[in-house]
Amino acid sequence: MEVRDVFAMRKDGRYEEAYKAISSLYAFHRGPHTNLCMFWCTHDLFKLRLQQKRVDDARQLLYQLVKLYSQIDDRLAMGNRAIVNAALALDKQIDNFNLIYFMPYFNRLTETDWQPYVVQGHTVPSLGQQVVNHLLKNLPARNAAYIDAIADIFHKAFVKAPNYKGNLRHLAQMHALVGQNDKAISLYKRMLLRYHDSYLYVELSKLVTDEKLRLALCCMAVVRQRRPEYAARYHLELAVRLKVGYPHRAAYELQRYIEIRQHLRQPVSAFAQRMQRALHGIQPVTAESEQQLYDRAEQVVNQYIQG
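A few points on the structure. (Residues numbered from 1 in each chain as written. Predicted model: local features only at pLDDT ≥ 70, side-chain atom pairs only at ≥ 80, totals over all residues. Heavy atoms only, no water.)

Looking only at helices and strands, the protein features 16 helices and 2 strands. The globule rule puts the C-alpha radius of gyration for 307 residues at 19 Å, and the 25 Å found for the protein is more than 25% above it. On the principal axes, the C-alpha backbone points of the protein span a range of 80 × 40 × 40 Å. The 307 residues of the protein split such that 44% are buried. (Helix = DSSP H or I, 4+ residues; strand = E, 2+ residues; numbered from the N terminus. Rg over C-alpha atoms; globule rule 2.2 N^0.38 Å. Buried < 20%, exposed > 50% of the residue type's maximum accessible area, 1.4 Å probe, protein only.)

Take a look at the structure:
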């Protein structure tokens, strides 16, 4: 058995067999062709294990790739790109995955890796931008040391795509984290002139101090959300804000939350059950009455954003 025979197995899609064969060769001989074949067979098996939902095995194979990387000639950066994509794939599958461990590979991304591309007629963010999107998810929960570690790559992403919604949102979150609320609010208002994602309204509501404006922004999160599984959460958040001062409206929003969860055959949260008991006997307003609240909220929010 020679390396070229193993490559032939890969070409035929015999990934398990190829991995076993190259592992036997690699155990007794280390050379450029053997090392390269070992790397790519490991990568094949990684993708197979991920497809099979064997996440723990895939994780071990990724770290094998990291060990093998130093032994291959990667002038075209294909190996680096493979490790980056593998790390992102695992980050989708594993909570609290240590993605920042792969920063040396992210820093080796080429200019090509920072170019957006088209898939089935839709523009997809560049690989570099995808890395930044992953690194900056759950940004409000990160500490200063983490922000410092990813600052350079975020700066690069922002320079390359300054009007990209994800970059603007992350910059706004960074401003909020360091207490620069005015700058954060300005960026959210800028985004909401063009985008109408529910989460943008909710995040802005946490920065403003006017209670009526906060309420109006939460109303807009409900109005703009078309997917029931997400709308339920916003109905519940709005119910919480309405409970003090507008209990009948709060009862309506809580009712909508419960109806959606039951329709989707999903459990009603313990928090919502407690709130339901607290509002027992309160008659919900009609849908028509609540729509009037939504309409007034839209006027308030539009005036604020455009002002």
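From this point, the narrative continues.
What follows is about the packing of helix α14 (residues 247-263) against helix α15 (residues 270-278). Here α14 crosses α15 at 140°, and the two axes come no closer than 11 Å. When the axes of α14 and α15 are compared, the pair comes out oblique. For the pair α14 and α15, the sense of crossing is left-handed. Residues Leu254, Tyr257 and Ile258 of α14 touch α15, and the partners they reach there are Ala272, Met275 and Gln276. Across the contact of α14 with α15, the residue classes break down as 5 nonpolar, 1 polar and no charged. (Axes fitted to C-alpha atoms, helices over the stretch in contact; angles between N-to-C directions. Parallel < 35°, antiparallel > 145°, perpendicular 65-115°, else oblique. Left-handed = near helix turned anticlockwise from the far one by under 90°. Contact = heavy atoms within 4.5 Å. Nonpolar A, V, L, I, M, F, W, Y, C, P; charged D, E, K, R; others polar.)

Going through the model one piece at a time under the given rule, you end up with 18 salt bridges. In this structure, aspartate 73 and arginine 75 form a salt bridge, with 3.0 Å as the shortest nitrogen-oxygen distance. Since its relative accessible area comes to 76%, arginine 75 is described here as exposed. Through salt bridges with shared partners, a single ionic network connects Asp12, Arg14 and Glu17. (Salt bridge = Lys/Arg side-chain N within 4 Å of Asp/Glu carboxyl O.)

As a further point, take the side chain of glutamate 253. Following the sequence through the fold, glutamate 253 ends up in helix α14. Discounting residues that sit within four places of it in the chain, glutamate 253 has contacts with His235, Leu238, Ala239, Leu242, Glu290 and Tyr294.

Here the focus is the nonpolar core. In this structure, Phe39, Leu62, Phe102, Phe106 and Leu135 are the most contacted members of the largest nonpolar core, which totals 54 residues. Listing elements by their share of this core, those giving two or more residues are α1 (3-11), α2 (15-28), α3 (32-51), α4 (55-69), α5 (78-93), α6 (103-106), α7 (127-135) and α8 (144-160). One finds Ala172, Ile185, Tyr188 and Tyr234 within the second-largest nonpolar core, a separate group that totals 47 residues. (Core = buried A, V, L, I, M, F, W, Y, C linked by side-chain atoms within 4.5 Å.)

To continue, consider the packing of aromatic side chains. Under the counting rule described, the total for this entry stands at 9 aromatic pairs. Look at phenylalanine 39 and tyrosine 69: their rings are 6.4 Å apart centre to centre, the planes differ by 55°, and that puts the pair in the tilted class. With a gap of 30 residues between them, phenylalanine 39 in helix α3 and tyrosine 69 in helix α4 connect regions that are remote in the sequence. By relative accessible area, phenylalanine 39 is classed as buried at 0%. Ring plane angle 75° and centroid distance 5.5 Å describe the contact between tyrosine 69 and tyrosine 105, whose orientation is recorded as edge-to-face. Linking tyrosine 69 in helix α4 with tyrosine 105 in helix α6, this pair joins segments that are 36 residues apart in sequence. Side by side, tyrosine 69 and tyrosine 105 carry an identical accessibility label, which is buried. Above the plane of the ring of tyrosine 105 lies arginine 108, whose end atom (NZ or CZ) is 4.7 Å from the centre. Lying over the aromatic face of tyrosine 195, lysine 165 brings its terminal NZ or CZ to 4.8 Å of the ring centre. (Phe/Tyr/Trp six-rings, centres within 6.5 Å; stacked < 30°, edge-to-face > 60°. Lys NZ or Arg CZ within 6 Å of the ring centre and 35° of its normal.)

Mapped onto the secondary structure, isoleucine 150 falls in helix α8. C-alpha separation for the pair isoleucine 150 and glutamine 52, spaced 98 residues apart in sequence, amounts to 32 Å. Contact partners of isoleucine 150, with chain neighbours within four places excluded, come to Ile100, Met103, Leu135, Leu136 and Met174.

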